[in-house]
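One-letter residues, chain by chain:
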There are 2 protein chains.
Amino acid sequence: MDADVYAKDCPSRQVLDRIGDTWSVLVVLTLARGPRRYTELATKIEGVSPKMLTQTLRALERDGLITRTVHAVVPPRVDYELTKLGISLLDLVDALEGWAQTHMGDVIEARAAYDGRPPQA
Amino acid sequence: MDADVYAKDCPSRQVLDRIGDTWSVLVVLTLARGPRRYTELATKIEGVSPKMLTQTLRALERDGLITRTVHAVVPPRVDYELTKLGISLLDLVDALEGWAQTHMGDVIEARAAYDGRPPQA
DNA sequence: CGGCATCCCCCGGGATACTG
DNA sequence: CAGTATCCCGGGGGATGCCG
C-alpha cells in the first residue's frame, strides 16, 4: 500500500482529516485520563454544540478510537473511553496540545508583526 | 497565562485549529525538505485549489510558520520555506503523517466492522 | 440524561476568468 | 508564473424541539 497523504483519495488523507478535526482532538484529550460521560465532555469542551459533540463521538467510535458504553440505569449513563488505538493517538494529540501552548506566544507575536506591517513593505 | 485549549477564546485553540487544518499540514510536510515554489506545492498536494493554497500559505505566513520570498525575475518566482517555528512544528506533523499511515488499516477495519453491524446490536 | 430529527442559515471552498 | 477577483453552490454546523 502507498499510504500517500498527498493523494486525495488515499484513506490516510481521511485519517489525517479526522486527527485534524479540532473537536476530535479535544475529545481525545479529555478522555486521556479515563472514561468520561457525555455531559462531562460537553462541559469541559467549551463551545461545542450537542450536535457536533455527538457527531464527533460517533466518528471517533466508528474509526475505532473510542468506545461507547451505555449503562442500563435511570437516568441513563453513557461512558466514552479511549480504545487501544485511541491511546496510541493520545501521545500525538498531547504533543499537539503542548506545541499549541508552548508556541502560542510566538504565533501571536508573528500575527501582530504581520498585521502591523504595511502589505507591500 | 493559562493556555487552555478547552477554553473557546484561548489563542491556543486557534493555534490548534491551524495545526489541525489538513492543507496546512500538507503544506508544512511538503516544505519539510526545503523551499518549494507555489506551483510545486499545487502539484504535490492533490485536490487543493489555487484559492485554498494561497489562503493556507497566507495564514501560515501570518502565523510565522513559513516565509514567502519573491524573486524579481521574469517569469516571477516565489519560494516558500519553513521558519524556525515551522520547523519546530515539523516533527509533530511528521508524526501525524506517520500515525495516519501506520494506523490507516486499523481505521478502515474499524469502520467496516462498525458499518457492517446492525445499528442496535 | 443523552441523544436524534428537523430546519435553516451562513460561509467555506471549488470553478472560472482576469492581471502583473 | 503566481496570484487575485468573482460567482455560486453544498453542507457544516448552530438552534430548537421531541423521545427513551
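The preceding data block contains the structure.
What counts, and at which threshold
- Residues numbered from 1 in each chain as written.
- Chains lettered and ligands numbered in written order.
- Predicted model: local features only at pLDDT ≥ 70, side-chain atom pairs only at ≥ 80, totals over all residues.
- Heavy atoms only, no water.
- Axes fitted to C-alpha atoms, helices over the stretch in contact; angles between N-to-C directions.
- Helix = DSSP H or I, 4+ residues; strand = E, 2+ residues; numbered from the N terminus.
- Parallel < 35°, antiparallel > 145°, perpendicular 65-115°, else oblique.
- Contact = heavy atoms within 4.5 Å.
- Nonpolar A, V, L, I, M, F, W, Y, C, P; charged D, E, K, R; others polar.
- Buried area = accessible area lost by both parts, 1.4 Å probe.
- Salt bridge = Lys/Arg side-chain N within 4 Å of Asp/Glu carboxyl O.
- Near = heavy atom within 4 Å.
- Polar contact = N/O pair within 3.5 Å; in protein donor to acceptor, adjacent residues only side chain to side chain.
- Phe/Tyr/Trp six-rings, centres within 6.5 Å; stacked < 30°, edge-to-face > 60°.
- Lys NZ or Arg CZ within 6 Å of the ring centre and 35° of its normal.

1. Regarding the packing of helix α2 (residues 22-30) of chain B against helix α4 (residues 50-62) of chain B
For any two helices packed against each other, the geometry is given by the interaxial angle and the distance between the axes.
All names here are of chain B.
No. 1: For the pair α2 and α4, the least separation of the axes is 10 Å and the interaxial angle reads 75 degrees. As the angle between them shows, α2 and α4 are arranged roughly perpendicular. Within the contact between the two elements, α2 uses W23, S24, V27 and V28 and α4 uses M52, L53, T56, L57 and L60.
No. 2: Along the lines of polarity and charge, the residues of the contact of α2 with α4 split into seven nonpolar, two polar and no charged.

2. Considering the interface of chain B and chain A
No. 1: Each side of the interface is counted separately: chain B has 52 residues, and chain A has 52 residues.
No. 2: Summed over both partners, the interface of chain B with chain A buries about 5000 Å², with 68% contributed by carbon and sulfur atoms.
No. 3: Of all residues in chain B, B:Y6, B:R62 and B:W99 give up the largest surface area on contact with chain A, accounting jointly for 17% of the area buried on that side.
No. 4: Taken together, the links from chain B to chain A amount to four salt bridges.
No. 5: Notably, a salt bridge pairs B:R111 with A:D63, separated by 2.6 Å at the nearest N-O pair.
No. 6: Elements with a contribution of two residues or more to the side of chain B that touches chain A: α1 (11-20), α2, α4 and α5 (84-116) of chain B.
No. 7: Examining the composition of the side of chain B that touches chain A, we find that 19 residues originate from one element, α5(B), more than from any other.
No. 8: Partitioned by chemical class, the residues of the side of chain B that touches chain A number 28 nonpolar, ten polar and 14 charged.

3. Describing the protein's contact with DNA strand C
No. 1: Around DNA strand C, 14 residues are found, and the nearest of them are A:T39, A:R68, A:Y80, B:S49 and B:K51.
No. 2: Protein-proximal atoms of DNA strand C, defined as those within 4 Å of the protein, fall in sugar or phosphate at a share of 68%.
No. 3: A distance of 2.8 Å separates a phosphate oxygen of DNA strand C from a polar side-chain atom of A:R58.
No. 4: A distance of 2.7 Å is found between a phosphate oxygen of DNA strand C and a side-chain nitrogen or oxygen belonging to B:S49.
No. 5: Mapped by element, the contributors of at least two residues to the surface near DNA strand C are α3 (38-44), α4 (50-62) and β3 (77-82) of chain A together with α4 of chain B.
No. 6: Looking at the surface near DNA strand C, its residues break down into seven nonpolar, three polar and four charged.

4. Section: the packing of aromatic side chains
No. 1: Applying the stated criterion across every chain, the model contains zero aromatic pairs over all chains.
No. 2: Over the aromatic face of B:Y6 sits the side chain of A:K44, whose NZ or CZ is 4.4 Å from the ring centroid.

All we've got here are geometric facts, nothing functional implied.
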